[in-house]
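# Observations on chain architecture
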Amino acid sequence: MKVLLVDDEQKFVEALSERLQMRDLENETAYDGEEAMSFVNDKEPDVMVLDLKMPGIDGMEVLRRVKKKFPAIRVIILTGHGTDRDEEESRRIGIFDYLNKPVDIELLVSRIKAAHRDKIEGSMAAAAFAEAGVYETVRDVMRDSEKPESK
Amino acid sequence: MKSREKERLREMQLAFIGKLMAGLSHEFKNHLAIIKELNGLIEDLLILEVPGQSVNSERFKKIIPGINERIAQAAEMCRVLSGFSHRMDQPLSSINVSDVLQEEIYLLRRFAQQKQVHIESLFDGDLPAIFNNPSLLQFAVFCVVWPTLELLEKGGRIVITGTGKNQSVEITAILEGKMERPENDTPWEAMLPQVLEILGAEFSHRINEDGNEDVAITISSIENSYRDNT
């Protein structure tokens, strides 16, 4: 499983990263939105733990870009800035979970594992659909619906 | 001052306090999160220890100062917050403009960091004490700085200076960097003339040749007869 931790608080990420490794969750870290996007483009993690408030490209923008380009990546928001509006917006874009700082490490571990399971199940379902030819059918229907109506 | 204007001013002041408090609570949660993770890391390392043989003592020596540092930062935040809250205890008091504004700049700094804008202060050491409304002065400076902070692009700079002039203090916000001001004033800017009138302060705004802006507020002691307006 590839996990990416994204937070501008370096000490927080370093400690969290080490604690997750002690629990057999290998992970990589990024300290701002730009670095996170670069990692995602290169290595496409399975699960991303993402802070919302960061300098530069903030977490919400990272989430938008990730879900647009790599919808299969499961994103867990971990933030100290827990406004209802932020949570609502991030759920609308498509997150796996929304957690508030400070978080219990065992809760975070269980949510990361659940997110990974969800991703695998999602891939298997997509594969099964493809095998049954459903994927192609759905894709063709969607393509047809996107075509401009002929006059 | 009409009651509707008073009500509007009160609403805007509450919004100003709310914005700073929201930023502060986020920062405070960050400190707590770091303390929790570092503390958790020590716990995890302790579990791995063999009784009687501390193999991680060097790690502990590195982790513990990180916890202390965050506790000190959180305590400093509480100290500033307490000072900021008590500014509202009395509508009028003798104030050190430097202390009052340094406090506000401290609270604004995290917003500036998020925007990757640099904010700093430069106050003369011998500013005259002013008898005026400290909370309203902070609000006036916020009305100048906040809209700029929202507009300035990455790499922008805001410098707040304070200079003594006879028995007055000239507070200047030097606003440097790329920004596109909207045609209409923000609600904060629209509120400013009213606030300055209550403070009995003078205002000037200059756009320099390089596009940077200087906004100056000159404040002096206010007569007690203004008390009813505040």
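Preceding this paragraph is the structure being described.
This text gives an overview of the structure that appears in the document.

Definitions and limits used
Residues numbered from 1 in each chain as written. Chains lettered and ligands numbered in written order. Predicted model: local features only at pLDDT ≥ 70, side-chain atom pairs only at ≥ 80, totals over all residues. Helix = DSSP H or I, 4+ residues; strand = E, 2+ residues; numbered from the N terminus. Buried ≥ 20, exposed ≤ 12 C-beta atoms within 10 Å, placed from the backbone. Contact = placed C-beta atoms within 7 Å. Axes fitted to C-alpha atoms, helices over the stretch in contact; angles between N-to-C directions. Parallel < 35°, antiparallel > 145°, perpendicular 65-115°, else oblique. Left-handed = near helix turned anticlockwise from the far one by under 90°. Nonpolar A, V, L, I, M, F, W, Y, C, P; charged D, E, K, R; others polar. Pairing = 2+ DSSP bridges. Right-handed = clockwise from strand over helix to strand, strands pointing away. Core = buried A, V, L, I, M, F, W, Y, C linked by C-beta atoms within 7 Å.

## Remarks on the overall build of chain A
Secondary structure summary: chain A contains six helices and five strands in total. The C-alpha extent of chain A, read off along each of the three principal axes, is 60 × 35 × 30 Å. Counting all 151 residues of chain A, 32% fall into the buried class. Counting only contacts in chain A whose residues sit at least 6 apart along the sequence, the fraction spanning at least 24 positions is 58%.

## Some words on the packing of helix 3 (residues 97–115) of chain B against helix 4 (residues 134–151) of chain B
Residue and element names in this part refer to chain B. Two numbers describe how helix 3 lies on helix 4: the axes approach to 10 Å, and their chain directions differ by 20°. Accordingly, the angle class assigned to the pair helix 3 and helix 4 is roughly parallel. Like other packed secondary-structure pairs, helix 3 and helix 4 cross with a definite hand, here right-handed. Counted together, Val100, Leu101, Glu104, Leu108, Phe111, Ala112 and Lys115 of helix 3 and Pro134, Leu137, Gln138, Val141, Phe142, Val145 and Leu149 of helix 4 form the full contact between these two elements. Grouping the constituent residues of the contact of helix 3 with helix 4 by class yields 11 nonpolar, one polar and two charged.

## Quick look at the sheet that holds strand 7 (residues 213–219) of chain B
Residue and element names in this part refer to chain B. Pairing in this open sheet of five strands is mixed, and the strands run 2-4-5-7-6 from one edge to the other. Unpaired on one side and paired on the other, strand 2 (118–123) and strand 6 (202–207) mark the two borders of the sheet. For this sheet the average axis-to-axis angle between neighbouring strands, irrespective of direction, equals 15°. Sheet contacts for helix 4: strand 4 (157–165), strand 5 (168–176) and strand 7; angle to strand 5, the most-contacted strand, approximately 10°.

## Overview of the interface of chain A and chain B
On the side of chain B, 16 residues touch chain A, which itself brings 16 residues to the contact. Sort the elements by how many residues they give to the side of chain A that touches chain B and helix 1 (residues 10–22) of chain A lands first, with seven residues.

## Remarks on the pairing of strand 1 (residues 3–6) of chain A
Residues and elements named next belong to chain A. Here strand 1 shows a buried face lined by Val3 and Leu5 and a second buried face lined by Leu4 and Val6. When strand 1 meets strand 2 (residues 27–30), the two strands line up parallel, connected through four bridges. If you follow Leu5 over to strand 2, its bridge partner there is Thr29. With helix 1 bridging strand 1 and the parallel strand 2, this β-α-β connection has right-handed handedness. Relative to strand 3 (residues 47–50), strand 1 runs parallel, the two sharing four bridges. Bridging across to strand 3, Leu4 finds its partner in Met48.

## What to know about the sheet that holds strand 2 of chain A
Residue and element names in this part refer to chain A. Spatial strand order, 2-1-3-4-5: five strands in an open sheet with parallel pairing. Pairing within the sheet leaves two strands with one partner each, and these edge strands are strand 2 and strand 5 (97–100). Pairwise comparison of adjacent strand axes, ignoring direction, gives a mean angle of 20° for this sheet. In the packing of helix 1 onto the sheet, contacts are made with strand 1 and strand 2, and the angle to strand 2 comes to roughly 175°.

## Topic: the environment of Thr79 of chain A
All names here are of chain A. Locating Thr79 in the fold gives a position in strand 4 (residues 74–79). Thr79 sits in the buried class, given 26 other C-beta atoms within 10 Å. Residues Thr79 and Asp51, 28 residues apart in the sequence, show an inter-C-alpha distance of 5.0 Å. In this structure, Thr79 is in contact with Asp51, Leu52, Lys53, Asn100 and Lys101, ignoring residues within four places of it in sequence.

## Regarding the nonpolar core
Ala140, Cys143, Val195 and Leu199 of chain B are the most contacted members of the largest nonpolar core, which totals 42 residues. Those elements giving two or more residues to this core turn out to be helix 3, strand 2, helix 4, strand 4, strand 5, helix 5 (187–199) and strand 7 of chain B. With residues up to four places along the chain from it excluded, the contact list for Cys143 of chain B reads Trp188, Glu189, Met191, Leu192 and Val195 of chain B. Core analysis: the second largest hydrophobic core is formed by 33 residues, Phe12, Leu16, Leu52 and Val62 of chain A among them.

## Remarks on unusual backbone geometry
Residues and elements named next belong to chain A. The omega angle of the peptide bond from Lys101 to Pro102 is -10°, so this bond is cis rather than trans. With respect to the helices, strands and loops of the structure, Pro102 is situated in the loop between strand 5 and helix 5 (105–131). For Asp24, which is not glycine, the phi dihedral falls at a positive 65°. Following the sequence through the fold, Asp24 ends up in the loop between helix 1 and strand 2. You can call Asp24 exposed: it has 8 C-beta atoms within 10 Å. The phi dihedral of Glu44 falls on the positive side, at around 40°, and the residue is not glycine. Among the structural elements, Glu44 can be located in the loop between helix 2 (33–43) and strand 3. Since 15 C-beta atoms lie within 10 Å of it, Glu44 is described here as partly exposed.

## Observations regarding the packing of helix 2 (residues 57–86) of chain B against helix 3 of chain B
All names here are of chain B. Here helix 2 crosses helix 3 at 125°, and the two axes come no closer than 10 Å. Here helix 2 lies oblique to helix 3, going by the angle between them. Every pair of crossing elements has a handedness; the one defined by helix 2 and helix 3 is left-handed. Side by side, helix 2 and helix 3 meet where Val80, Gly83 and Phe84 of the first sit next to Glu103, Tyr106 and Leu107 of the second. Here the residues of the contact of helix 2 with helix 3 sort into four nonpolar, one polar and one charged.

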